[in-house]
Amino acid sequence: MLRLHDTMTRRLMPVEPLEAGHVRMYTCGPTVWNRAHIGNFRAFVFEDVLRRVLEQRFGRVTHVMNLTDVDDRIVKNAMTHGHTLEEETAPWIVAFFADVDALGIRRAHHYPRATDYIEEMVSLVERLDAREVTYRSDGSVYYRIAAFPRYGQLSGVRAVALVAGASGRIDADDYTKEDARDFALWKAAGQGEPGWETRLGWGRPGWHLECSAMNLALLGETIDIHCGGVDLVFPHHENEIAQSEAATGKKFVRLWCHNAFLQIDEAKMSKRLGNFLTLGDIVDGEEGRRPSTVRYLLAATAQYRKTLNYSDESLEAAKGAVDRLILFRDRLDATAPSRRDGDAVKLAARIRADFDACLDDDLNLPEGMGHVFTMVRDANRLLDEGRVDGPGLDALRQLVEHVDDVLGVLPLVDVERAATLSPEDRRMLSERAEARARKDWATSDQIRTALARRGILVEDTAGGQRWRPAG
RNA sequence: GGCGACGUAGCCAAGUGGUAAGGCACGGGUCUGCAAAACCCUGAUCGUGGGUUCGAUUCCCACCGUCGCCUCCA
């Protein structure tokens, strides 16, 4: 049984969807004001792994991820550039999906944009008005935290302990609120600023409102799982709870999952600190890293609730792990069944059970991969000894497929390989094969060296030469 | 100041009340025309100090260190 750490109760909770065989999941998506960096993608990759496990266990998942396409930064940039909001965000949305695809992240079923749900948000505010948890000030609408006694339950942040501006991230004077803890549901917009003329007046939605409104519209009043980075626990998710539960009177989320940060040079990777890298930086940079390596690093290097360190060495190690796995898959594909049987079927069954158990235990993919690599060693030994028969090969192949159904790196490697070989590379490979056929080692080695400089590693096997991309 | 997380071999990182997975790197070996891959061998007593226990890296306390959240950052 799959169990996940629930932020609300702070314990492992079994996943039991409200509707049998159908999990409803909402994950906080990007604010499209800039290109998302790989720290952001740690969250999206984690959520993708979760989604894949949920699909294995429950069959059906409805996954919603919002695109926040209106916020203070977007408004500011749009005005600076003379863009509409849509013009300002369009390129970043395109870039986001390019990275999602490059990292093999399964696309959510819905990517609602905040700006497409203005009416839903206005209605939600009206419902909150009816519950008397709102108030007006300077044309904006605020949520009165004092009216929601459960406030703070998710984050453990006690109301009294909150110090306005303690993080140094906001100028508290910018807001005219009754209480520093209150937050804007609807923000009055100035002349010439982007906004919407609505029943709440001229303005734009506050940050948290969209998630409550779109959850309600696409998944219903109570959802099974809601995910995001730990930084969203407070205030974002706390505020979502306050909005949603005050409006519906029902439990909003049954299980809250939050992933830890990606760290670089002993600090959280973030736009604000300027210590961030995008997928493009890594893939197009000098090292020429591959998306499959980045995915492995983000998905399988550390358990999702542990801080993960980014460094060139950790990328190198991730690459090594991907190589080991892909070479093993290749070997299985290239191997003919032997007569003798070394119990590979039993080995595969045992490792599969171990792997699944690790994932069931709060998605511990790093531990699961430990079992997988133990299997790779044992299976390679059996293959060396010629002790894997037909059923054994099938079982091992199916196991690799089962593992990668969660890990998701093998298809990326296949794409990378297809894109790596130029016509010139192909010509050199066939020349080398010919040289080898006539035992012209000098020419053969020379071409191998030349290909290596072009990023193609060639190696010889009993079945002929094979190659793989370096980097 | 409030709340929380973490500290395991050169690096990354699992894990357990009974003497510690896996990946990368390093060294030796088998195999190979050479190399690669693969396989074999080799490395840590788990931040520090106490406590509980027959026994703790794993539970408790203190301390040291690192990191995060505390209003629009995944």
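The structure presented is a predicted model; accordingly, all values stated were derived computationally and were not measured.

Cut-offs and rules
- Residues numbered from 1 in each chain as written.
- Chains lettered and ligands numbered in written order.
- Predicted model: local features only at pLDDT ≥ 70, side-chain atom pairs only at ≥ 80, totals over all residues.
- Helix = DSSP H or I, 4+ residues; strand = E, 2+ residues; numbered from the N terminus.
- Expected span 1.5 Å × (residues − 1).
- Pairing = 2+ DSSP bridges.
- Axes fitted to C-alpha atoms, helices over the stretch in contact; angles between N-to-C directions.
- Buried ≥ 20, exposed ≤ 12 C-beta atoms within 10 Å, placed from the backbone.
- Contact = placed C-beta atoms within 7 Å.

Caption draft 1: Main features of helix α14 (residues 423–437). Between the first and last C-alpha of α14 there are 21 Å, a value that for 15 residues agrees with the 21 Å anticipated at 1.5 Å per step. In the segment just after α14, K439 is the residue with positive phi, at about 55°.

Caption draft 2: Quick peek at the sheet that holds strand β9 (residues 201–205). Spatially, β5-β6-β7-β9-β8 is the arrangement adopted by the 5 strands of the open sheet, whose pairing is antiparallel. The open sheet terminates on both sides in strands that have one partner only, identified here as β5 (134–137) and β8 (196–198). Neighbour-to-neighbour, the strand axes of this sheet turn through a mean angle of 35°, independent of strand direction. As paired strands, β8 and β9 are joined by 3 bridges and run antiparallel to one another. Looking at the pairing, W196 lines up with G203 of β9.

Caption draft 3: Structural context of the pairing of β9. Here strand β7 (residues 183–188) runs beside β9; their pairing, made up of 3 bridges, is antiparallel. Residue pairing in the sheet places W186 in a bridge with P205 of β9. In sequence, β8 turns back onto β9 through a hairpin of 2 residues.

Caption draft 4: Here's a closer look at unusual backbone geometry. The step from F234 to P235 runs through a cis peptide bond, and the omega angle for that step is 0°. Examined against the element boundaries, P235 turns out to sit in helix α6 (residues 233–248). Located in the positive-phi region is K439, a residue other than glycine, with phi close to 55°. Within the element layout of this structure, K439 appears in the loop between α14 and α15 (441–453).

Caption draft 5: Spatial organisation of the environment of P91. Along the chain, the position of P91 falls in helix α3 (residues 85–102). For the pair formed by P91 and R35, sequence separation is 56 residues and the distance between their alpha carbons is 8.8 Å.

Caption draft 6: Representation of the sheet that holds strand β12 (residues 262–264) within the structure. Ordered in space as β13-β12-β14, the 3 strands form an open sheet in which the pairing is mixed. Looking at strand neighbours, the two that pair on one side only are β13 (267–268) and β14 (308–310), the edges of this open sheet.

Caption draft 7: Broad picture of the environment of Y26. Among the structural elements, Y26 can be located in strand β3 (residues 22–27). Residue classification places Y26 among the buried positions, given that 28 C-beta atoms sit within 10 Å. Each C-alpha atom, one on Y26 and one on E367, is 26 Å from the other, the two residues being 341 residues apart in sequence. When near neighbours in sequence (up to four residues on either side) are disregarded, Y26 contacts V64, N215, L219, I223 and H226.

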